[in-house]
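# Coordinates in review
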Amino acid sequence: MAPEEALRLAKREIQNPPVVLDDPDLYAPLFKNVSVFKRSYELMERMLKVYIYQDGPTPIFHTPELRGIYASEGWFMKLMEENRQYTTRDPSKAHLFYLPYSARQLELALYVPNSHNLRPLSLFLRDYVNGIAAMFPFWNKTRGADHFLVACHDWGPYTTTQHEELCKNTIKALCNSDASEGIFIRGRDVSLPETTIRDPKKPLRYVGGNRVSQRSILAFFAGNMHGRVRPILLKYWGDKDEDMRIYGPLPNRVSRQMSYVQHMKASKFCICPMGYEVNSPRIVESIYYECVPVIIADNFVLPFEELLDWSAFSVVVAEKDIPNLKNILLGISLRRYIRMHTCVQKLQKHFLWHAKPLKHDIFHMILHSIWFNRLNQIQLQQE
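About the criteria used
Residues numbered from 1 in each chain as written. Predicted model: local features only at pLDDT ≥ 70, side-chain atom pairs only at ≥ 80, totals over all residues. Heavy atoms only, no water. Helix = DSSP H or I, 4+ residues; strand = E, 2+ residues; numbered from the N terminus. Contact = heavy atoms within 4.5 Å. Buried < 20%, exposed > 50% of the residue type's maximum accessible area, 1.4 Å probe, protein only. Pairing = 2+ DSSP bridges. UniProt positions renumbered as here; feature names shortened; annotations may be inferred. Axes fitted to C-alpha atoms, helices over the stretch in contact; angles between N-to-C directions. Parallel < 35°, antiparallel > 145°, perpendicular 65-115°, else oblique. Left-handed = near helix turned anticlockwise from the far one by under 90°. Salt bridge = Lys/Arg side-chain N within 4 Å of Asp/Glu carboxyl O. Disulfide = S-S within 2.5 Å. Phe/Tyr/Trp six-rings, centres within 6.5 Å; stacked < 30°, edge-to-face > 60°. Lys NZ or Arg CZ within 6 Å of the ring centre and 35° of its normal.

Its location among the elements puts serine 72 in helix α3 (residues 71–82). Contacts of serine 72, omitting those with residues within four sequence positions, involve Cys152, Leu192, Pro193, Glu194, Thr195 and Trp353.

For a regular strand, the rule is simple: side chains alternate between the two faces of the sheet. Most of strand β9 (residues 292–296) is tucked away, with five of its five residues classed as buried. Going residue by residue along β9, you find Val292, Val294 and Ile296 tucked away on one face and Pro293 and Ile295 tucked away on the opposite face as well. Bridge analysis of β9 against strand β10 (residues 315–316) gives two bridges, and the strand direction is parallel. Across the sheet, the residue bridging to isoleucine 295 is valine 316, located in β10.

When the UniProt feature table is mapped to this numbering, "domain: Exostosin GT47" (unreviewed entry) covers residues 45–329. Counting secondary structure, residues 45–329 comes out at 28% helix and 14% strand; the distance between its end C-alpha atoms is 40 Å.

This brings us to the packing of helix α4 (residues 103–110) against helix α5 (residues 119–135). Two elements in contact, α4 and α5, have axes separated by 10 Å at closest approach and are oriented at 120 degrees. On the basis of their axis angle, the class for α4 and α5 is oblique. Like other packed secondary-structure pairs, α4 and α5 cross with a definite hand, here right-handed. When α4 is examined against α5, the residues Leu106, Glu107 and Leu110 are found in contact with a partner set consisting of Pro120, Leu121 and Phe124.

Tallied over the full model, the rule gives 20 salt bridges. Here lysine 78 makes a salt bridge to glutamate 82, at a shortest N to O gap of 3.0 Å. In this pair, lysine 78 and glutamate 82 are both assigned in helix α3, four residues apart and thus about one turn of the helix distant. For glutamate 82, a relative accessible area of 44% puts it in the partly exposed group. A salt bridge links arginine 253 to aspartate 239; its shortest N-O distance comes to 3.5 Å. Of this pair, arginine 253 sits in helix α9 (residues 252–255) while aspartate 239 sits in the loop between α8 (230–237) and β7 (244–246); the two residues are 14 residues apart in sequence, bridging distant segments of the chain.

Attention now goes to the state of the cysteines. Scanning all chains against the criterion turns up two disulfides. The disulfide that involves cysteine 270 links it to cysteine 291, with 2.2 Å between the sulfurs. The S-S bond linking cysteine 270 to cysteine 291 shows a torsion near 110 degrees; that makes this disulfide right-handed. Of the two residues, cysteine 270 is situated in strand β8 (residues 267–273) and cysteine 291 in the loop between α11 (282–288) and β9; the sequence distance between them amounts to 21 residues.

The next point concerns the environment of histidine 226. By the secondary structure assignment, histidine 226 is in the loop between β6 (217–221) and α8. As for histidine 226 and tyrosine 276, which are separated by 50 residues in sequence, their C-alpha atoms are 6.1 Å apart. Excluding anything up to four places from it in sequence, histidine 226 contacts Met274, Gly275 and Tyr276.

Okay, the packing of aromatic side chains next. Enumeration according to the criterion identifies 23 aromatic pairs in this entry. Plain terms: the ring middles of phenylalanine 37 and tyrosine 41 are 5.6 Å apart, the flat faces sit at 45 degrees to each other, and that makes the pair tilted. Of this pair, phenylalanine 37 and tyrosine 41 both sit in helix α2 (residues 34–47), four residues apart, which is roughly one turn of that helix. Residue classification places tyrosine 41 among the buried residues on the basis of a relative accessible area of 2%. Aromatic pair phenylalanine 304 and phenylalanine 351: ring centres 5.6 Å apart, planes at 50 degrees, arrangement tilted. With phenylalanine 304 in the loop between β9 and β10 and phenylalanine 351 in the loop between α13 (334–347) and α14 (362–377), this residue pair connects regions lying 47 residues apart in the sequence. Its relative accessible area of 0% is what places phenylalanine 351 among the buried residues. Ring pairing ties together the aromatic residues Tyr51, Tyr53, Phe97, Phe136 and Phe138, which thus form one cluster. Here the guanidinium or amino end of lysine 78 rests over the ring plane of tryptophan 75, the centre of that ring lying 5.9 Å away. Above the plane of the ring of tyrosine 27 lies lysine 346, whose end atom (NZ or CZ) is 5.5 Å from the centre.

This is the structure we're talking about:
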């Protein structure tokens, strides 16, 4: 079956999926529609083929960074390039085409420190795309609509702006998924979870959390004071309330008694305010430590929002409501909190990296959202 025909078939199947009543692998309350997710995922497993361009100089291309706050783009690149199930060397069989570049490596290679000039980065990517469009027929066939990139660096969106088709047509999996800037396009682009990996050999270190009864702290945050939201959070809640453990960088006097991770594991809610950009690695950290995330970042498109029901396991607070934050959290009943905490525990497996990917883990969730959003763009003829 030709790729275009296969995509149309998959879209029809997803529009009328078999109803899922009880799937042991999927916890239904996490999803907007678990039946749609299950059918779409099954079709991805059965059909999807990705062609990976081998062009592009290292280290900007084909050089995954597996450590730090930008690790999501590196881990995806590594696992995608190692994958055999979903990749093909025959581009005529491909449903999707992967541009395997690293926004982090692009910064390290081309950005002049303190210049505040991202133009060289976006011009480099523009020239690369123009090069593959001239060399191969695949880009021009869809004007880039079946191509995708995965970028977790804050500057990821801005590296696409010098090429109109790359910016408007390509599926962009971005950690910096800000709906207000006109670059991230809801329904086409994918909000990429930002995951901090401290030890690439042990990406799951410290994962796990305490029972609800062992979470004596109402809310916790510690971090640097950059961006517009965090200083406001500290102004209203820093060192003012025993229930609200809100700090700048965690003070030594505090960390000697309880570490950052211990704080997250002892808190009911973990505050996840935006930094310079809307995304924050604390959201996934909260999930790892089974702490209900409280997200404060207006215009942030939440990871996998096309399929996950974030109201089941998180609290989204508008920036203007920071002064009322404690009342909002206290307004959540214990019964509802227990349901949310259970959902966070069930959600965790969907955000874990594995050296050899497992079904429904974060690698597959990212790939599935790219697949799902590609299907969103397919037009079906009215029958």
